[in-house]
Structure formats: C-alpha cells, structure tokens
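# Architecture at a glance
Here's the letter readout for the chains.
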Amino acid sequence: MLINLIGSEGFIGKAIKKNSGKLKLKCWSHSYENVNNRFNLFEKDSWKNLLNSSPETVLLLSWPGLPNYNKNYHLTRNLPFFIEFVEALINAGCKNIIVSGTCYEYGNVNGCLEENQKVDPNNAYAIAKDALRRNVQYICEKNNVRWVWVRLFYPFGLDQNPLSLFPSLVKAINENKKEFNISSGNQKRDFISSDKVALNLLFLCINLEAKGIYNCGSGMPLSIYEFVKKIVKENNSSIFIKKGVFPDRIGEPKEFWADMRKFNLLLKNSNLFNNASS
C-alpha cells in the first residue's frame, strides 16, 4: 500500500517519515519547491498531480493557521477547501481517507473521553474540525470509501513549535537555565510522543479493519507539572520548576484523557503493523 502523506513537513508529518519503516510513502507539502510533490490546499492547481496519480490511500495531516485556535478562517476558509478536496479525492478513486482530528472536538468536559460520546467543540478550530469530520463521514459512506478520523490528544516532540511546552523545556535544560516557568501545573492532560502518534496513524492507514473515529493518546492522565518533572528527570537536570507564573488556559477542562480501548482492541487483534514495518 502506498500512503500519500499530506502535510509531510509538519510536526506529525516529520514523525511519520521517521517511523514509516518499509511502508511506502509519497510525501506532499506546500513547502516543497518540486512541483511533483507540492500541495497547497488553497491552490487547486497544486492538487492535480496528486489526483492524477489515482491515490488509493491518503493520510491528511495538514491544517493551515495553527496555533491560532479562535480565528474565523478555520471555518470560513479552511473548512470549505478541505470538504472540496475530500470530494476531489473520492472522484479520483481514493478508497482510504485517514484524517487527523483533535481532542478539542470534545469541548470543555472532564474525565476519560470515549469516541462515541457527544462532542461540544468551543473554539473555531475545533468546530471546523468537527464539521469536517461530519462531512468526511457522510461523503465517504455515500461513496463506499473507508474513512478514519483520529482525534489527537497532546503530542510532544522536538520538531514541535519551539514555543510549545516540551521543546521550550528541553531548550531551557540544554542552556542550563536555573528556572523553568509554567502555569499552576495542576491541569491533567494526555501527553503522547510524536513517534507514538506516528506509529498509531500508520497502523490505522494500513489496517483495512480500521473505520470511524479513534482516539490517539496514551490513555494515562498526567498533570503538566508531573510531565515537566518527568522530562527534567529524564534529562538529569536540576532546573527548578517555577509554578504559577503563567495563568491557566481559560475554556479548557481541568483534566481529560483518551479512552484507548477501541484502538487497543484493534491493535490486539492484528499483527499487520508489526509485519509491515519490520
């Protein structure tokens, strides 16, 4: 199976390439100068090479405009283009469409989050993602196309936005800073390495039994303070973690994490990924 990876130069895209093993990838990105691999959501002419290649499987990671979660362009610009692109993929004969979603689709709820529970997104990005998921489901099921929607929780890795928590912390450690400032640190989140996210996504791409919505997290809640403390320990650092410097984010739950039973059951019943990547 050839996987067409859209958003290959993004944070998770780079992790996909790093962890793909012997799986066949064809990488697409707006940052490529080579016209044969260039894809820009907002330039429909750049879709042609992909669509003309009769793509069987597409992994769609790209989403322009992050991390500005409350901008209207997620709804007014990104969403219509993505819906049209999904329709174009199906018209081109695509049979497997895998899309990265977000845990923000669940909204301001606490606890262990299951894929089948009601969602209530409360920022423009999450609302647009949820609307795209509904459209993907409708369009794909109408055309007998396998669709997988993967709600990512809190990926971390060095290729992340340098202003994000993990790379900021590693940078401070490497520069021998005396202190590292955080919020209260009490909020519990589901942190998962970008490498693990990549392996999960690749597995969902190649396993034809995978259909519908899947969570992608560790399944284990960890407070921000505990996460930072863990990284500090792993790096044998003595940096002091200074709590309460930044305000906690407004409009987010105090603690939430992924229910991973659906994914783990699929993984347990299949040795496909191990065979394909060994």
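Just above, that's the structure.
The written sequence of each chain sets the order in which its residues are numbered from 1. This being a predicted model, a pLDDT of at least 70 is required before a residue's local features are given, and a value of 80 or more before pairs of side-chain atoms are given or counted; all residues contribute to the totals for chains, interfaces and linings. To get the side-chain values, take all heavy atoms of the structure and skip hydrogens and water.

## Quick look at the overall build of the protein chain
Our working rule: Secondary structure counts use DSSP, requiring at least four H or I residues in a row for a helix and at least two E residues in a row for a strand, with both numbered from the N terminus. Radius of gyration: C-alpha atoms only; globule rule: 2.2 Å multiplied by the number of residues to the exponent 0.38. With a 1.4 Å probe rolled over the protein chains alone, any residue whose accessible area is under 20% of its type maximum counts as buried; one over 50% counts as exposed, and the rest are partly exposed. For every accessible area listed, the method is Shrake-Rupley and the probe measures 1.4 Å; residues are considered covered only by the protein chains on display. Residues scored as charged are limited to Lys and Arg (positive) and Asp and Glu (negative), so that His and the chain ends carry no count. Taken as the charge centre is NZ of Lys, CZ of Arg, CG of Asp or CD of Glu, depending on the residue.
A tally of helices and strands in the protein chain yields nine helices and 14 strands. Taking 2.2 N^0.38 as the reference for a compact globule, 278 residues should give roughly 19 Å; the C-alpha atoms of the protein chain span a radius of gyration of 19 Å, in line with that estimate. Counting only C-alpha atoms, the protein chain reaches 55 × 40 × 35 Å along its principal axes. Looking at the protein chain as a whole, 50% of its 278 residues are labelled buried. With the model as given, the accessible surface of the protein chain reaches about 14,000 Å², and the carbon-plus-sulfur share is 49%. Positive and negative charge centroids in the protein chain, built from 36 and 25 side chains respectively, lie 2 Å apart.

## Some remarks on the packing of aromatic side chains
Rule in force here: Pairing of aromatic side chains requires ring centres within 6.5 Å, counting the rings of Phe and Tyr and the six-membered ring of Trp. Pairs whose planes differ by under 30 degrees are stacked, by over 60 edge-to-face, and all others tilted.
On inspection of all chains with the given rule, the structure shows 18 aromatic pairs. Each ring, one from Tyr69 and one from Tyr104, has its centre 5.3 Å from the other, and the planes form 70°; the classification is edge-to-face. Highlighted residues: Tyr69 in the loop between strand S3 (57-60) and helix H3 (73-91) and Tyr104 in the loop between strand S4 (96-102) and strand S5 (111-113), separated in sequence by 35 residues. The class for Tyr69 is partly exposed, based on a relative accessible area of 25%. Look at Tyr104 and you get buried, because its relative accessible area is 13%.

## As for unusual backbone geometry
Across the junction of Leu66 and Pro67, the peptide omega takes the value 10°, indicating a cis bond. Along the chain, the position of Pro67 falls in the loop between S3 and H3. One non-glycine residue, Asn144, adopts positive backbone phi at about 55°. For Asn144, the location among the structural elements is in the loop between helix H4 (124-142) and strand S6 (146-152). Residue classification places Asn144 among the exposed residues on the basis of a relative accessible area of 68%.

## Quick word on the pattern of salt bridges
In a structure, side chains of opposite charge can pair up when their charged atoms sit close to one another. Quick note on the threshold: Just to be clear on terms, a salt bridge is a Lys or Arg side-chain nitrogen sitting within 4 Å of an Asp or Glu carboxyl oxygen.
The tally for this structure, following the rule as stated, stands at 15 salt bridges. For Glu114, the salt bridge identified is with Arg261, shortest N-O distance 3.4 Å. Pair noted here: Glu114 is in the loop between S5 and H4 and Arg261 is in helix H8 (residues 261-268), with a separation of 147 residues, a long-range link. On the basis of relative accessible area, Arg261 is assigned to the exposed category, the value being 57%. For Arg134, the salt bridge goes to Asp130, with nearest N and O atoms at 3.0 Å. With Arg134 and Asp130 both in helix H4 and four residues apart, this pair spans about one turn of that helix. Look at Arg134 and you get partly exposed, because its relative accessible area is 46%. Since its relative accessible area comes to 7%, Asp130 is described here as buried. Because the salt bridges share partners, they merge into one network encompassing Glu114, Asp259 and Arg261.

## Brief notes about the nonpolar core
Basically, it comes down to this: Among the buried residues, those of types Ala, Val, Leu, Ile, Met, Phe, Trp, Tyr and Cys that are joined through side-chain atoms within 4.5 Å form a nonpolar core. We call two residues in contact when some of their heavy atoms are within 4.5 Å.
The biggest cluster of nonpolar side chains holds 87 residues, and the ones touching the most others in it are Ile16, Leu59, Phe85, Ile97, Leu132 and Leu204. Contact partners of Ile16, with chain neighbours within four places excluded, come to Leu5, Leu25, Leu59, Leu61, Ala198, Leu201 and Leu202.

## Regarding the pairing of strand S11 (residues 212-216)
As a reminder of what qualifies: DSSP-based pairing: two strands are paired if at least 2 bridges between them are found.
When you tally the buried positions in S11, you get five out of five residues, the bulk of the element. Here S6 runs beside S11; their pairing, made up of five bridges, is parallel. The residue bridging Arg151 from the neighbouring strand is Asn215, located in S11.

## Section: the pairing of S3
Put simply, the test is: The handedness of a crossover follows from its direction of travel: if, with the strands pointing away from the viewer, the path from the first strand over the helix to the second runs clockwise, the crossover is right-handed.
On S3, burial covers both faces: Thr57 and Leu59 on one face and Val58 and Leu60 on the other are all buried. Two strands pair when backbone bridges link them, and strand S1 (residues 2-6) and S3 are joined in this way by four bridges, in the parallel orientation. Bridging across to S3, Asn4 finds its partner in Val58. In this sheet, S4 lies alongside S3 in parallel orientation, the contact comprising four bridges. Paired with Thr57 across the bridge in S4 is Asn96. Once the chain exits S3 it traverses H3 before rejoining the sheet at S4, and the crossover so formed is right-handed.

## Some words on the sheet that holds strand S2 (residues 24-28)
Note the threshold: For helices, the fitted line uses only the C-alpha atoms of the stretch in contact; every axis is such a line through C-alpha atoms, and the angle between N-to-C directions lies from 0 to 180 degrees.
Spatially, the six strands line up as an open sheet ordered S2-S1-S3-S4-S6-S11, and their pairing is parallel. Edge positions in the open sheet fall to S2 and S11, since each of these has one partner strand only. Each strand axis lies, on average, 20° off the axis of its neighbour in the sheet, ignoring direction.

## Observations concerning helix H5 (residues 165-174)
Those residues of H5 that fall on the buried side of the exposure criterion are Phe166, Pro167, Leu169, Val170, Ala172 and Ile173. The inward-facing, buried residues of H5 abut strand S7 (154-156), strand S8 (179-181) and helix H7 (224-234). Looking one or two residues beyond H5, the residue adopting positive phi is Asn176, at roughly 55°.

The analysis is restricted to geometry; functional conclusions fall outside its scope.
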